[in-house]
Amino acid sequence: MNRIIEPFRIKMVEPIRLTTRAERQQVLQDAHYNLFRVPADSIIIDLLTDSGTGAMSANQWAALMRGDESYAGSLSFQRFEAAVKEIFGFNHVIPTHQGRAAERILAATVCKPGNIVPNNTHFDTTRANIEAVGAVALDLPCPEARDLHKPHDFKGNMDVEALSQVLRRHSGNIPFVMVTVTNNGGGGQPVSMENIREVSHLCRTHGVPLYIDACRFAENAYFIRTRSSKYHDTPLIDIAREMFSYADGCTMSAKKDGMANIGGFLCSNDDTVAQHEEELLILTEGFPTYGGLAGRDLEAIAVGLYEALDLSYQRYRHASTGYLGQRIVELGVPILRPPGGHAIYIDAAAMLPHIPATQYPGQALAVALYLEGGVRTVEIGSVMFGRIDPTTGIETPGPNELVRLAIPRRTYTKSQIDYVIDVVADTARHKQSIRGVKIVEQPPALRHFSARFELV
Ligand code: F0G
């Protein structure tokens, strides 16, 4: 029997309001065609993000009740710290309210203006926190990542040759190197153990610490297990431990592979750095035994980290994301290949060649998918990454025009994924009639969250 089923049953349900097309038409108008402005009860299937939107297990809910809300010395922190140390293996564990808080504290502690921080691909908050302290966030994805449609086992890898040159050329000016697993900005693609090892070796030769952005570490471990013959029989926890053994620290958003709705942490092996980080933590997040979280949140994460490493869970997770990707490909709709761990990325530029980049094909497709079936996705294209020259006012488009369908963990059933496939199929059928959009109002930064659009 090789059919893979959801390895859980449903104990509590949250009703979905089934809207009509006419209602959605009105919702879109009211939201100025920006899906971030749409209230959740007007969404049928929400694939905006896999961050903090998953379902917790019975064990996590039970653990919540054990939450020790003591300001100092919380027992929940002890359990959280023990879990993080057992899996990640670092000496110092600092809880934060989510991933970006860990990034902010790390950047503020170790980066100086003019420093360079290489990464396979910086997530936007990581980049923003590095740039906020005046340092430069440099993306060094492997060459295979450039071709959206050509499959490769480890498209999330760092370009080791390019990193080696950067480390030589900017010696003394690199506070740390980061590897993001899986590479979200690069399509949720995995990083191989060999690549992490090579990057680590280079960093150690140059005396530069290596940090891992660990958000989707368990999905990455599963990819390593299935795609590297050496690891076919290795438990995911051992793969994860080996990944982190090559690093000096990590940042983590527990809203992903912590299987929790909120939380994160920052780890390091450096006593002095950790001390400075704790000082900053107390200033903005909270005392080091809670760091901006309730004791019960720490409990949920301590349980969730192990659940993310459960083989049957990962098998189902990858089967369900891969199934969505495969079926969309069969519809003749181009996606970034191979499918990532947490999401499918539709190539809107290739799907809608009649819409020029200046009319945001990704945003147009996201709007069309919502109108067709109430499916909320997110544009990862020129709305998110286009840059306007402040003097000329001329806009440079983003590198790609993608629409991400991110799958919340343990949340939607196969029949709901089939519904999403039907919505993509119906949208593709009348794709010629999909119109571009124009921006009529936008803030100077992070415009995708609040911009107002009109149909062209
Ligand atoms: N790093 C990566 C690779 C991420 O994907 C995210 C969040 C963060 C850091 C920041 O974590 O949200 O807890 O502060 N990604 C979400 C997404 C928001 O939709 O991909 P956070």
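Residues numbered from 1 in each chain as written. Predicted model: local features only at pLDDT ≥ 70, side-chain atom pairs only at ≥ 80, totals over all residues. Heavy atoms only, no water.

Asks: Go over the site of the ligand, please, and point to the residues and values.
Replies: Around the ligand, the structure places 17 residues, and the nearest of them are Thr49, Arg100, Asp213, Ser253 and Lys256. Gln98 is positioned with one of its side-chain polar atoms (N or O) 2.9 Å from an oxygen atom of the ligand. If the ligand stood free it would expose 470 Å²; the protein chains cover 93% of that surface. Sort the elements by how many residues they give to the shell around the ligand and helix H4 (residues 99-110) lands first, with 3 residues. Of the residues in the shell around the ligand, the class split is 2 nonpolar, 8 polar and 7 charged. (Near = heavy atom within 4 Å. Polar contact = N/O pair within 3.5 Å; in protein donor to acceptor, adjacent residues only side chain to side chain. Areas by Shrake-Rupley, 256 points an atom, 1.4 Å probe, with all protein chains shown as cover. Helix = DSSP H or I, 4+ residues; strand = E, 2+ residues; numbered from the N terminus. Nonpolar A, V, L, I, M, F, W, Y, C, P; charged D, E, K, R; others polar.)

Asks: Quick one: what's the story with the domain arrangement of the chain, residue by residue and with numbers?
Replies: How large an interface is tends to be reported as the accessible area lost when its parts come together. By the assigned domains, the chain splits into domain 1 (21-50 + 311-455) and domain 2 (58-307). Here the C-alpha centre of domain 2 lies 27 Å away from the C-alpha centre of domain 1. In this complex, domain 1 contributes 24 residues to the contact, which on the side of domain 2 involves 27 residues. Interface area for domain 1 against domain 2, summed over the two sides, is near 2200 Å², with a carbon-plus-sulfur share of 54%. Our count for the domain 1 to domain 2 interface comes out at 5 salt bridges. (Domains from an automatic or database assignment. Contact = heavy atoms within 4.5 Å. Buried area = accessible area lost by both parts, 1.4 Å probe. Salt bridge = Lys/Arg side-chain N within 4 Å of Asp/Glu carboxyl O.)

Asks: Residues and numbers for the sheet that holds strand E9 (residues 343-347), please.
Replies: Strand order in this open sheet of 3 strands is E9-E14-E11, and the pairing throughout is antiparallel. A strand with exactly one partner marks an edge of an open sheet, and here the two such strands are E9 and strand E11 (378-380). Strand-to-strand, the axes of this sheet are offset by a mean angle of 35°, without reference to chain direction. Those strands touched by helix H12 (residues 311-330) are E9 and strand E14 (402-406), and its axis lies near 20° from that of E9. The strands touched by helix H14 (residues 361-373) within the sheet are E9, E11 and E14, with E14 carrying the most contacts at an inclination of about 40°. (Pairing = 2+ DSSP bridges. Axes fitted to C-alpha atoms, helices over the stretch in contact; angles between N-to-C directions.)

Asks: So, the nonpolar core: which residues are in play, and what are the values?
Replies: Ranked by size, the top nonpolar core spans 58 residues in total, and within it Phe88, Val177, Phe217, Met243 and Phe244 carry the most contacts. Take this core: its biggest share by element is 6 residues, from helix H9 (residues 236-245). Setting aside residues no more than four positions away along its own chain, Phe88 makes contact with Ala214, Phe217, Phe244, Cys250, Phe265 and Leu305. (Core = buried A, V, L, I, M, F, W, Y, C linked by side-chain atoms within 4.5 Å. Buried < 20%, exposed > 50% of the residue type's maximum accessible area, 1.4 Å probe, protein only.)

Asks: Which residues make up the packing of aromatic side chains, and what values do they have?
Replies: Scanning the model with the defined rule gives 13 aromatic pairs in all. Where Phe36 meets Phe449, the ring centres are 4.9 Å apart and the plane angle is 80°; that geometry is what we call edge-to-face. Here Phe36, found in the loop between helix H1 (21-30) and strand E1 (45-46), pairs with Phe449, found in the loop between strand E15 (437-441) and strand E16 (452-455); they are 413 residues apart in sequence, far enough to count as distant. When the centroid spacing of 6.1 Å and the interplanar angle of 40° are considered together, the rings of Phe77 and Phe80 count as tilted. (Phe/Tyr/Trp six-rings, centres within 6.5 Å; stacked < 30°, edge-to-face > 60°.)

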